Amino acid sequence: MLLLKNSLKGTAILISVCLINFQFKPIDPVAQRTLKDAYSSYFPVGVAVAPRNLKGPEADLITQQFNSITPENAMKMGPIHPQENRYFWDDADAIVDFAQQKGIRVRGHTLCWHNQTPRWLFTDSTGKEVTKEMLLARLKRHITDVVSRYKGKVYAWDVVNEAVPDTGTSIYRRSKFYTIAGEEYIEKAFQYAHEADPKAVLFYNDYNTENPSKRDRIYQLVKKLKDKHIPIHGVGLQGHWSIYEPTAQELETSIKRFSSLGLAVQITELDLSVYPKEHERRQRKDTDKSEFTAEMADKQAAQYKLLFDVFRSYKGKITGVTFWNVSDKSTWLDNFPVAGRKDYPLLFDQNYQPKKAFWSVVNF
Ligand code: HXH
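All of these numbers come straight from a predicted model, not from anything done at the bench.

Caption draft 1: A look at the site of the ligand. Near the ligand you find 16 residues, and of these Lys76, His109, Asn161, Glu162 and Glu269 are the closest. At a separation of 3.2 Å, an oxygen atom of the ligand approaches a polar side-chain atom of Gln238. Measuring from an oxygen atom of the ligand, one finds a side-chain N or O atom of Trp324 at 3.1 Å. Across the complex, the protein chains shield 81% of the 540 Å² of accessible surface that the ligand would expose by itself.

Structure representation (structure tokens):
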């Protein structure tokens, strides 16, 4: 009897010791580090997703590591508004519902972009190009419907995407929006979005923002909007960079320049290609290798570290960093710009495991 009593007592003590350990002992802080925890006092860390990422191992990785998500394609005009009188909400709804269930914020992408636009947008029922008035009326209806549906659920929007050309001296890309409506379409897009959700944080978003000429023309565009009191709150640097670029100085120049206008800066589409950046689509050549070497892993870790060191040093000015896809298993850079070539631009490998670059980002 005494023996039984003692062994029960022993078990009780053992259980309480385990509980205390479970509750209070920090279990290897390094192995436990996640992106969202490491950066919790700096900015939300986000990821671009498709509905298929919201099940299985990718869903677990997303909820473990990220506290913001962005639909990679589901909220673009083509997918969400395929015909003038028909919206396709399923994919965007699924992503927003997932985020709400998991307590993750949503960054919307994108309301007005010259690519992935639906065919109906620029033509009338007789096949003729629409007038400026018609284009702006359609843009207003599109933006109002989309922003209203997710009002209070999407905290920030890329309102206008990639309106500045890469080369030349012009501020405005000669897109159909521009040739039909002139530069006013940009102001209008921000006004429509602000009217639909006055609390949403509104961004102009672009790539190649470290190119001095393009940086300067983007600056002029957003400055003009600010001077006219157009409701714009931030600039998105897409961050489609590589293991070779940008330098810390180039990045800092962009952050300082845009935040000098009182605008928030977010890195909205981060990935570091392991190949030198190319600016034309092309076929794969025999000399194009598709492997992820140890040298690439080291260089990528060093470049990610350099960039996040800069991001942290602009605490308060940088208000978000979003990765463009979940893991190297599949990314938009597979086959782009080189057909048939795989890329390895993210922090998690093809088996969803953290890469060397992951540790260089969370250990600081
Ligand atoms: C982004 N564009 C978009 O914002 C995002 O919505 C999309 O999911 C992925 C990337 C980046 C981009 C812009 C221009 C561009 C390529 C990518 O043009 C090129 C065309 C050929 C070769 C190089 C660039």
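Read on for the rest.
Caption draft 2: Up close: the confidence of the model for the protein chain. Predicted confidence across the protein chain gives a mean pLDDT of 94, with 91% of residues reaching 70 or more. Every residue in residues 13-21 is under pLDDT 50, and counting partners more than four places away or in other chains gives one contact.

Caption draft 3: Local environment of unusual backbone geometry. A cis amide bond links His109 with the next residue in sequence, Thr110, at an omega value of 0 degrees. Following Glu245, the chain continues into Pro246 via a peptide bond in cis, with omega recorded as 0 degrees. Within the fold, Pro246 resides in the loop between strand 7 (240-242) and helix 11 (248-259). Residues other than glycine seldom take positive phi values, yet Asn325 does so here, at roughly 110 degrees. Structurally, Asn325 can be placed in the loop between strand 9 (318-323) and helix 13 (356-362).

Caption draft 4: The arrangement of the nonpolar core in detail. Counting residues in hydrophobic clusters, the biggest one holds 99 residues, and the most contacted among them are Trp157 and Phe311. Broken down by element, this core gets its largest block of residues, seven residues, from helix 9 (residues 184-196). With near-sequence residues (within four places) excluded, Trp157 lies in contact with Met75, Gly108, His109, Leu111, Val146, Val147, Tyr150, Ala200, Val201, Leu202 and Phe203. Counting five residues, the second largest nonpolar core, distinct from the first, contains Ile243, Tyr275, Met296 and Tyr344.

Criteria and thresholds
- Residues numbered from 1 in each chain as written.
- Predicted model: local features only at pLDDT ≥ 70, side-chain atom pairs only at ≥ 80, totals over all residues.
- Heavy atoms only, no water.
- Near = heavy atom within 4 Å.
- Polar contact = N/O pair within 3.5 Å; in protein donor to acceptor, adjacent residues only side chain to side chain.
- Areas by Shrake-Rupley, 256 points an atom, 1.4 Å probe, with all protein chains shown as cover.
- pLDDT = per-residue confidence, 0-100.
- Contact = heavy atoms within 4.5 Å.
- Helix = DSSP H or I, 4+ residues; strand = E, 2+ residues; numbered from the N terminus.
- Core = buried A, V, L, I, M, F, W, Y, C linked by side-chain atoms within 4.5 Å.
- Buried < 20%, exposed > 50% of the residue type's maximum accessible area, 1.4 Å probe, protein only.

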